[in-house]
Amino acid sequence: MFTKILIANRGEIACRVIKTARRLGIRTVAVYSEADAGARHVRLADEAVCIGPAAARESYLVGDKIIAACKATGAQAVHPGYGFLSENEEFAERCAAAGIVFIGPPVAAIRAMGLKSESKKLMDKAGVPLTPGYHGDNQEPGFLREQADQIGYPVLIKASAGGGGKGMRAVWQGEEFAAALASCQREAASAFGDDHVLIEKYLQRPRHIEIQVFGDTHGNCVYLFERDCSVQRRHQKVLEEAPAPGMTPERRAAMGKAAVDAAKAVGYVGAGTVEFIVNQDGTFYFMEMNTRLQVEHPVTEMITGLDLVEWQLKVAAGEPLPLAQEQLAIRGHALEARIYAEDAAKGFLPATGRLLHLAPPAESLNVRVDTGVEQDDEITPHYDPMIAKLIVWDENRERALARMLQALADYRIAGVTSNVAFLARLVACPSFARADLDTGLIEREHDFLFPGAAGNEPPRDAWLLAALAELLRDRNYGQAHAAASGDPHSPWHLRDGWRANGAARREILLRADCCEKRVTAAYQPGGNGGFRLELDGQAALAAGQLNDDGNLRADLDGRRLTVTVVAAGEKRHVFCDGMSFIFAAIDPLFHAGEGGGAEGGLTAPMPGKVIALLAEAGARVEKGAPLIVLEAMKMEHTLVAPAAGTVKAFCYAVGEQVADGAELLEFEPTT
Ligand code: MV4
């Protein structure tokens, strides 16, 4: 077995491989780009080598740099993960030439499976079922039309050099065929430089079911059952599960045999996946073979109890497969959700930013989180915006679904837009819940999955909890400030809203996607330090404790709630009742004076400390000019001139505390 391996990847897969290597007592070398200098996989590895700038084409995709890092550190083998160089036959060859073991299949297998038409011929020869159609070299239009007529409409014209759904055209009747063929050939020529096409029977409502295979260097090859990956968006997998719902033992054995025959046909060694397109009646046809460890391999690990990376390392070191086919069995059901930094409501636009709050669900025998990031890490535009893979297991699909919903509800992310809420809707949607699966599920369930802003209106509790958290955060800040000051018992530090003329009231303005609401808060002197909140004309008594992690133990009208409210800039993320809601806390300071007339002064709508005066007394200023900076609730708030005018005088000096409502400066608007 190796004593040291290099992981030629980043993110969650790099961390995942390091975890297994460490468990096996194998030392690990990470490679990282300059943008990943502080990345989790670098911290987890025993050694790390910088391989260049952020751009993958100058770092993670440069085989020479990977090989040089192996030589420099004495790594005996390289694990390519997935993506990057994992299916690059030239890199595999260069590793072999350098005496470095490439943890993956032989080069010939990568090459054979990389060419779609070649792979189909190999599969056909191995007796693997192919989609009914014509895959030959005769491209004469009249001949192809005859083939289509024989196959029966609808048919699918596919560019032979295409892939991932590119260069496919459905034809529903013979009269349309010639024009569709010409268009497909033109597109294929321009997109792939090859206008060769194949014609297939068009499978409507297909499923994507793939078989995990494993071969060793001793002629053994087994299948580790199937994964259903039908829930995709634009050919990107979103949810995966194992075993496939509705799979019969007979069908499983037939698909497993076909996959093993396919692997043996190319002398496969290592982890591989044979993908099938499957009709609703269960008939299946070869689609393609992937010569790498798949992103979704954890669901197979969860139902078999195996570690596929351990198998990869052992096989690459020349050891036989740890188990024979008859020793493999399925137990329970597993689901995987890919957690991404993307905005589902905006066409899944990738999101970037800092993970100001990142609290995954607690891991257990039922919940696994494979991630490459930690709180305060940056999601950058350089790489795939995956935050994590969330994998759950339970005894059956129904219980696994419940696990997934709970785990998604417990996955708290603030600072970067994520798809967690979308994933929760997807798992809960009727089609998925009853396993009515096909590759068009997301489109079919569009209205349920994308309810729009109106459908997203936060419930009353969420508004009240957000407001309560604002008040408690401010109170905590005042108490911390008092404790740190020279005069901790000064009444000026109190944030209980005391007023000579009766308890103060505060307005908290919150804005959600759908709408904006004002919560009026009246401090309840004495008692439990609670508040009387009013929202939409309805009152509620609220009290609670908010800790620095955003955990809020609240009492709303006698109901005890434990939720999380995280402040990230102006955003307030409320995680409650298995859902998350985002508000913007509109800072009255910033908009002070923007309301009615601007005459007179500017008052502090909340307690704070003056930390900067940005104009001279007597100066003439334009509307919007910054005048004074207050520090309140751990944040800086800049007051701006509500109109063009003259700053007559400031009422406080830098460093002085100001109470809620205090006159901050005299301002004379230009008439
Ligand atoms: C098909 C098909 C229906 N009928 N072939 C999409 C990309 C490549 N993986 C093959 N694909 C398809 N081939 C026939 N004869 C539907 C698809 C397809 C698809 C297949 C698997 C997973 C997701 C998909 C999404 C759209 C279309």
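Residues numbered from 1 in each chain as written. Predicted model: local features only at pLDDT ≥ 70, side-chain atom pairs only at ≥ 80, totals over all residues. Heavy atoms only, no water.

**Quick look at the sheet that holds strand E5 (residues 101–102)**
Stated precisely, the cut-off is as follows: In this analysis, strands are considered paired if DSSP registers two or more bridges between them. Numbering goes from the N terminus for both helices and strands, where a helix is a DSSP run of H or I of at least four residues and a strand is a run of E of at least two. Contacts are assigned to residue pairs that have any heavy atoms within 4.5 Å of one another. An axis is simply a line fitted to the C-alpha atoms; with a helix, the fit covers only the stretch in contact. Between two such axes, the angle follows the N-to-C directions and lies from 0 to 180 degrees.
Pairing is parallel across the open sheet formed by five strands, whose spatial order is E3-E2-E1-E4-E5. Two strands bound the open sheet, and with one partner strand each, they are strand E3 (47–50) and E5. Against the sheet, helix H1 (residues 11–23) contacts strand E1 (4–7), strand E2 (27–32) and strand E4 (77–79), and its axis sits at roughly 170° relative to E1.

**Things to note about the environment of Ala-649**
Relative to the helices and strands, Ala-649 is located in strand E37 (residues 645–650). C-alpha of Ala-649 to C-alpha of Ala-617: the two residues are 32 residues apart in sequence and 4.9 Å apart in space. With residues near it in sequence (within four places) discarded, Ala-649 still touches Ala-617, Leu-665 and Glu-666.

**Looking at empty space enclosed by the protein**
Note the following rule: A pocket, in this scheme, is an open set of points on a 1 Å grid over the protein atoms alone with protein on both sides within 12 Å along at least 5 of 7 lines, while a cavity is a set where a 1.4 Å probe fits but cannot get out; residues line either one if an atom lies within 4 Å of a point. Grid points are joined across faces, edges and corners, and a volume is the space filled by probe spheres set on the points. Classes in brief: Ala, Val, Leu, Ile, Met, Phe, Trp, Tyr, Cys and Pro nonpolar; Asp, Glu, Lys and Arg charged; the others, Gly included, polar. Domains are outlined according to an automatic or database domain assignment.
Tallied over the entire structure, the rule returns one cavity of 30 Å³ or more. Estimates place the volume of the largest cavity at around 60 Å³. Lining the largest cavity are 13 residues, with Ile-103, Gly-104, Arg-292, Leu-293 and Gln-312 sitting closest to its centre. Tallied by class, residues from the lining of the largest cavity come to six nonpolar, six polar and one charged. Built from parts of two domains, the lining of the largest cavity gets at least three residues from each of domain 1 (4–103) and domain 3 (205–235 + 244–327).

**Looking at the side chain of Arg-252**
Rules: Whether a residue is buried, partly exposed or exposed follows from its accessible area with a 1.4 Å probe, protein chains only, as a fraction of its type maximum: under 20%, in between, or over 50%, in that order.
The topology assignment puts Arg-252 in helix H9 (residues 249–265). Look at Arg-252 and you get buried, because its relative accessible area is 14%. The residues touching Arg-252, leaving out its near neighbours within four places in the chain, are Tyr-223, Phe-225, Glu-226, Pro-243, Met-247 and Ile-330.

**Section: helix H6 (residues 116–125)**
Short version of the rule: It is the directions from the helix axis to the C-beta atoms that the arc portrays.
Residues of H6 that are buried: Ser-119, Lys-120 and Met-123. The arc enclosing the buried residues of H6, seen along the axis, measures out at 100°, which places them on a common side. Residues of H6 that are buried make contact with helix H5 (107–114), strand E9 (197–201), H9 and strand E14 (284–290).

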